[in-house]
Amino acid sequence: MAIQHFPLKLVSRRMLAPTVGHYSFVREDGQPLDFVPGQFIQVHFQYADGTATKRSYSLATIHDHALGPGEAVEIAVSYVAGGAATALFQGLDTGGVVDASGPFGRFCLMPADSNQRYLLIATGTGVTPYRAMLPQIERLVGERGIQVVLLFGARTPAELLYGDEFRAFADRHPGHFRFVPCFSRELPAQPHADVRHGYVQQFLAEFAPNAATDIAYLCGNPNMVDACFESLKDAGLAVPQIRREKYVSSK
């Protein structure tokens, strides 16, 4: 899959959380963006002094890739106070254009995987690639009967990105997809039975990671990724069974 450079035109945006926006683009050149769920794009821009810089954003697009490449290019953008990328995105109006390249990355469900279960672990916008994987997961449930546990760490219910979508998906696939939100600060008023109070790394052991059956994905806060990586290794998973992507916030 060739890496390309292309202009993205903003179609719509909405707030997912108090400081996270969901942005939906199309390529202004009219081409689809062929990508594998889990991959990311880079947005290129300049600092005020003219220095070139770029930021990486995982693709959140839900698209059935069996139907061929799709039109939409969706990302979640965390706003950082005083951030140059934040200023770019907050100032972008519908119809506005940004310069992008991609797709990049190998944080994907692999065709050769024969595991029984996926442990998908995320904090914050690190959950974005898992949203893009939902159609693929649905297909694998049908083809291989896989099980998936999505452990997602957020501070408060307001910061649970795409939470309603993951809960609806879990409700449609009982026995195959569990959505386990872990809130570190504040619980919802009427928490679902799968809600936990604390950090994701505290609850990983509850799901008994097993080298014989599992492949794990870790995405988000570097401290969480490192802690879960060590826990999974301690549980016996080999390094190739643990796939990682760290999100380091930069201004």
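Let us look at the structure shown here. No experiment lies behind these values; they were computed from the predicted model shown.

The biggest cluster of nonpolar side chains holds 35 residues, and the ones touching the most others in it are Tyr118, Val127, Tyr130, Ile137, Phe166, Phe177 and Tyr217. Of all the secondary structure elements, the ones that give two or more residues to this core are β1 (4–17), β7 (117–123), α2 (128–144), β8 (147–154), α3 (163–172), β9 (177–183) and β11 (214–220). Counting residues per element, this core draws most heavily on α2, which supplies six residues.

Take α2 next. Between the first and last C-alpha of α2 there are 24 Å, a value that for 17 residues agrees with the 24 Å anticipated at 1.5 Å per step. Within α2, the axis deviates most sharply at Leu134, by approximately 50°, and proline Pro135 lies no more than four positions further along. Of all the 17 residues making up α2, twelve are buried; the element is thus mostly covered by neighbouring parts of the structure. If you check which residues of α2 are buried, you get Thr128, Pro129, Tyr130, Arg131, Ala132, Met133, Leu134, Pro135, Gln136, Ile137, Leu140 and Val141.

Evaluated as defined, the whole model comprises twelve salt bridges. For Arg117, the salt bridge identified is with Asp214, shortest N-O distance 2.7 Å. Residue Arg117 is located in strand β7, and its partner Asp214 is located in strand β11; the two are separated by 97 residues in the primary sequence. Asp214 shares its class with Arg117; the two are buried. Residues Arg178 and Asp194 are paired through a salt bridge, measuring 2.6 Å at the closest nitrogen-oxygen approach. Highlighted residues: Arg178 in strand β9 and Asp194 in the loop between β9 and β10 (196–197), separated in sequence by 16 residues.

Attention now moves to the sheet that holds strand β4 (residues 52–58). Read from one edge to the other, the open sheet built from six strands follows the order β4-β3-β6-β1-β2-β5, with strand pairing classed as antiparallel. Every interior strand has two partners, whereas the edge strands, β4 and β5 (72–78), have only one. For this sheet, the mean inter-axis angle between neighbouring strands, taken without regard to orientation, is 40°.

Rules and cut-offs
Residues numbered from 1 in each chain as written. Predicted model: local features only at pLDDT ≥ 70, side-chain atom pairs only at ≥ 80, totals over all residues. Heavy atoms only, no water. Core = buried A, V, L, I, M, F, W, Y, C linked by side-chain atoms within 4.5 Å. Buried < 20%, exposed > 50% of the residue type's maximum accessible area, 1.4 Å probe, protein only. Helix = DSSP H or I, 4+ residues; strand = E, 2+ residues; numbered from the N terminus. Expected span 1.5 Å × (residues − 1). Bend = angle between axes of the 7 residues up to and from the residue. Salt bridge = Lys/Arg side-chain N within 4 Å of Asp/Glu carboxyl O. Pairing = 2+ DSSP bridges. Axes fitted to C-alpha atoms, helices over the stretch in contact; angles between N-to-C directions.

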